[in-house]
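What follows is the residue order along each chain.
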Amino acid sequence: MRVTVDMNLCESHGQCVFAAPDVFSFDDDDYLVYDATPADAHAEHVRGAAAMCPARAITIAAEGP
């Protein structure tokens with residue numbers, strides 16, 4: 001799985017951080033940081049985070065060969 005966040009769309013609501021805290025977080029300057037290739041164990045939470053994003057800034061793609 002590959003996660004992408006469009007930082008031009010992201011409004012820092014933080015719903016992704018609540019849904020998948022092992023993948024999404026805010027740094028010391030309150031900028032969103034995330035793991036672009038999270039472990040498969042986090043897939044369900046990452047999908048939930050993408051669905052919860054009010055700005056629809058998170059996209060998920062299958063990892064290529």
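Reading the values: the criteria
- Residues numbered from 1 in each chain as written.
- Predicted model: local features only at pLDDT ≥ 70, side-chain atom pairs only at ≥ 80, totals over all residues.
- Heavy atoms only, no water.
- Helix = DSSP H or I, 4+ residues; strand = E, 2+ residues; numbered from the N terminus.
- Contact = heavy atoms within 4.5 Å.
- Buried < 20%, exposed > 50% of the residue type's maximum accessible area, 1.4 Å probe, protein only.
- Disulfide = S-S within 2.5 Å.
- Pairing = 2+ DSSP bridges.
- Arc of directions from axis to C-beta.
- 1 Å grid on protein atoms, 1.4 Å probe; cavity = no way out; pocket = protein on both sides within 12 Å on 5 of 7 lines; lining within 4 Å.
- Points joined across faces, edges and corners; volume = space filled by probe spheres on them.
- Nonpolar A, V, L, I, M, F, W, Y, C, P; charged D, E, K, R; others polar.
- Core = buried A, V, L, I, M, F, W, Y, C linked by side-chain atoms within 4.5 Å.

1. What about the environment of Ala57?
Right, on to step 1. Tracing the chain through its elements places Ala57 in the loop between helix 2 (43-52) and strand 4 (58-61).
Right, on to step 2. Residues Ala57 and Thr37 lie 20 residues apart in sequence; the distance between their C-alpha atoms is 16 Å.
Right, on to step 3. If we ignore the near neighbours within four places in the chain, the residues touching Ala57 are Thr4, Val5, Asp6, Leu9 and Cys10.

2. Side note on the environment of Val3
Right, on to step 1. Along the chain, the position of Val3 falls in strand 1 (residues 2-5).
Right, on to step 2. Looking at Val3, the relative accessible area reads 1%, which means it is buried.
Right, on to step 3. Remark: the alpha-carbon pair of Val3 and Tyr34, spanning 31 residues in sequence, is separated by 8.3 Å.
Right, on to step 4. In this structure, Val3 is in contact with Phe24, Tyr34, Asp35, Ala36, Pro38, Val46, Ile58 and Thr59, ignoring residues within four places of it in sequence.

3. Notes on the state of the cysteines
Right, on to step 1. Tallying each qualifying case throughout the model produces zero disulfides.
Right, on to step 2. Lacking any disulfide linkage, Cys10 is separated from the closest cysteine sulfur, that of Cys16, by 6.3 Å.

4. Things to note about the pairing of strand 1
Right, on to step 1. Side chains of strand 1 alternate between two faces, with Val3 and Val5 buried and Arg2 and Thr4 left unburied.
Right, on to step 2. Looking at chain direction, strand 1 and strand 4 are connected through four bridges and run antiparallel. Following the sheet pairing, Val3 is matched in strand 4 by Ile60.

5. Describing helix 2
Right, on to step 1. When we look at burial in helix 2, the residues that qualify are Ala43, Val46, Ala49 and Ala50. Here the buried residues of helix 2 occupy an arc of 120° about the axis, which is enough to place them on one side. Exposed and facing more than 90 degrees away from the buried side of helix 2 are Glu44 and Ala51.

6. Topic: empty space enclosed by the protein
Right, on to step 1. Evaluated as defined, the whole model comprises one cavity of 30 Å³ or more.
Right, on to step 2. Residue lining of the largest cavity: 14 residues in total, with Cys10, His13, Gly14, Cys16 and Cys53 positioned closest to the centre.
Right, on to step 3. Among the residues forming the lining of the largest cavity, the class breakdown is nine nonpolar, four polar and one charged.

7. Things to note about the nonpolar core
Right, on to step 1. Residues Val3, Val5, Cys16, Phe24, Leu32, Ala49 and Ile58 are the most contacted members of the largest nonpolar core, which totals 18 residues.
Right, on to step 2. Of all the secondary-structure elements, those providing two or more residues to this core are strand 1, helix 1 (15-19) and helix 2.
Right, on to step 3. Sort the elements by how many residues they give to this core and helix 2 lands first, with four residues.
Right, on to step 4. Excluding anything up to four places from it in sequence, Ile58 contacts Val3, Thr4, Val5, Cys16, Phe24, Ala49, Ala50 and Cys53.

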